Amino acid sequence: MWLRLTSIAAAMPWLATALIGNDKLDLTSRSNSSSDLGTPTPLQLAPLHHVNTSTGLSVAYYEGGPSNGRPVILCHGFPFSIETYASVVPILVQNNYRVIVPFLRGYGETRILNATAARTAEQAALGSDLIALMDAMHIEKAIIGGYDWGSVAVNVAAALWPSRIIGMVATSSYIIQNRATAWAPSPADSEALMWYYYAFLTPRGAAGLASDPRGWARAIWRKNSVKKPIDEAYFNRTAIAFNNPDYVDLAVNFYRNRLLYAPGAPEYAGLAAKLDQQPPITVPSVTLDPADDLILPPKNASVTASFFRSSRCHHIVRGVGHDIPHDAPRVFAEAILEVDALVRDPNYVCSENL
């Protein structure tokens, strides 16, 4: 498939770098004149801490709760930020967990330290970043949770490094991708809502995100959460995360790589090959499918059962859309508590409703 794409680029040289190259995008046209500048709103999850990792990042993260508590690491999605967990963290802290919420690569104050490093957001990189953060913070094992890109990160970490993971909470259950099936279509209604996946394959889409990241985020939120009005204060806190020099490059790369329009970075080739085998998750897990998620519609647990080889509870959460940690923080927090219960009690019976 990749050879076919490079042939297309060879026939249209003007596309070679912009469409499938690994070089940084030209952001000279990026504008600060968007009509949607909003009012700066202080982060709720503050202050931030920073740590350098073996994957070449300076990771900015929030930490709350007792330093000797059971570690919980929560990963956000696109186009979101750590602020999605602002109401989840206090619940977990009240239950004596040590809660860590990092900005993913390309968001907030997290930085790629090497100016010449590949700007890749492939699934192997996201999972590796999570384990590297644990290493840098001297955390031997942790409970991990995520949604959207964060689900990719926690799926990969749990599948490839199970000895480091106590338990996993993920929306959309299992979304580790086998590149051989990357072009298999979703149902038509779902594909129609993935407009930005395909826009980012083009120079026009990348330029649009670069020129107005807030506007694009607002459009994605509106189209993905049609039943819920945008919380403007939350949106403004979230949009702070887009002011990152690599935000556009990495957002675009995630979708181009996922649809085989950009190769992975050489340093992740070995892990990428392992992920193509779709390794099972062998740690206790709680999976959440928001009933009103328009991009990734909810599924019965049996659809992904073959990917889970340990105890698992699966819940379809009614009345909630894609951004479940923000829209239903108690549900997400209770999922963390439930996965911990699965670990501690082999006879635990899954809750009927969270």
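In what follows, the structure referred to is the one given above.
A short tour of the structure in this document, coming up. The numbering scheme is per chain: residues are counted from 1 as the chain's sequence reads. It should be noted that, the model being predicted, local features are given only for residues of pLDDT at least 70 and side-chain atom pairs only at 80 or more, the latter also being counted only at that level, while totals for whole chains, interfaces and linings use all residues. Working from all heavy atoms in the structure, the side-chain values ignore hydrogens and water.

**Description of the overall build of the protein chain**
Only DSSP runs of H or I reaching four residues or more are called helices, and only runs of E reaching two or more are called strands; each is numbered from the N terminus. A count of helices and strands for the protein chain gives 14 helices and 9 strands. Here's how the labels work: a residue is buried when its accessible area is under 20% of the maximum for its type, exposed when over 50%, partly exposed in between, all with a 1.4 Å probe on protein chains only. Within the span of the protein chain, comprising 354 residues, buried residues form 56% of the whole. A separation of at least 24 residues holds for 78% of the contacts in the protein chain among residues at least 6 apart in sequence. Where accessible areas are quoted, they stem from the Shrake-Rupley method and a 1.4 Å probe; at the residue level, only the protein chains shown are allowed to cover. About 14,700 Å² of surface is accessible on the protein chain, with carbon and sulfur atoms providing 54% of the total. In what follows, a contact means two residues having at least one pair of non-hydrogen atoms within 4.5 Å.

**Concerning the state of the cysteines**
In this description, the term disulfide denotes a pair of cysteine sulfurs within 2.5 Å. Counted under the stated rule, the structure contains 1 disulfide. Each disulfide pairs two cysteine sulfurs, and for C313 the partner residue is C350, the sulfurs being separated by 1.9 Å. Torsion about the S-S bond of the C313 and C350 cystine: about -85°, corresponding to left-handed handedness. With C313 in strand β9 (residues 312–317) and C350 in the segment after α14 (329–344), this residue pair connects regions lying 37 residues apart in the sequence.

**Examining the pairing of strand β7 (residues 165–171)**
Within β7, 7 of the 7 residues are buried, which leaves it mostly tucked inside the rest of the structure. Pairing geometry for strand β6 (residues 142–146) and β7, over 5 bridges, is parallel. Following the sheet pairing, G146 is matched in β7 by A170. For the handedness criterion, the β-α-β arrangement of β6, helix α5 (residues 149–160) and β7 is classed as right-handed. Here, strands pair whenever DSSP counts at least two bridges between them. Of the strand pairs in this sheet, β7 and strand β8 (residues 285–290) are connected by 4 bridges, and their pairing is parallel. Residue pairing for β8: V169 is matched across the bridge by V286. Orienting the strands away from the viewer, one traces the path from the first strand over the helix to the second; a clockwise path indicates a right-handed crossover.

**Section: helix α9 (residues 213–224)**
By definition here, a helix of n residues has an expected span of 1.5 Å times n minus one. The end-to-end C-alpha distance of α9 is 16 Å, a good match for the 16 Å that 12 residues give at a rise of 1.5 Å each. Of all the residues in α9, the buried ones are P213, R214, W216, A217, R218, I220, W221 and N224. Buried residues along α9 sit in contact with α6 (188–193), α7 (195–199), α8 (203–211), α10 (232–239) and α11 (247–258).

**What to know about α5**
For α5, which comprises 12 residues, the first-to-last C-alpha distance of 17 Å matches the rise-based estimate of 16 Å (1.5 Å per residue) to within 8%. Among the 12 residues that make up α5, 11 are buried, leaving the element largely enclosed by the rest of the structure. Every buried residue of α5 is accounted for by W149, G150, S151, V152, A153, V154, N155, V156, A157, A158 and A159.

**Examining the pattern of salt bridges**
The working definition used for a salt bridge is a side-chain nitrogen of Lys or Arg within 4 Å of a carboxyl oxygen of Asp or Glu. Here the structure, examined in full by the defined rule, presents 9 salt bridges. For R70, the salt bridge identified is with D340, shortest N-O distance 3.0 Å. With R70 in strand β3 (residues 70–75) and D340 in helix α14, this pair connects stretches of sequence that are 270 residues apart. According to the relative accessible area criterion, R70 is partly exposed, its value standing at 23%. By relative accessible area, D340 is classed as buried at 2%. Residues R164 and D135 are paired through a salt bridge, measuring 2.8 Å at the closest nitrogen-oxygen approach. Here D135 lies in helix α4 (residues 123–136) and R164 lies in the loop between α5 and β7, a separation of 29 residues in the sequence. Take R164: its relative accessible area is 16%, and that puts it in the buried class. Each of R70, D340 and R344 takes part in a single network of salt bridges with overlapping partners.

**Some thoughts on the environment of V99**
Within the fold, V99 resides in strand β4 (residues 97–102). For V99, a relative accessible area of 0% gives the class buried. V99 sits 37 residues away from Y62 along the chain, and the two C-alpha atoms are 8.0 Å apart. When sequence neighbours within four positions are dropped, the list of residues in contact with V99 reads Y62, E63, G64, V72, L74, V89, L92 and V93.

**Quick word on the side chain of T238**
For T238, the location among the structural elements is in helix α10. What makes T238 buried here is its relative accessible area of 0%. In this structure, T238 is in contact with P79, F80, S81, E83 and W221, ignoring residues within four places of it in sequence.

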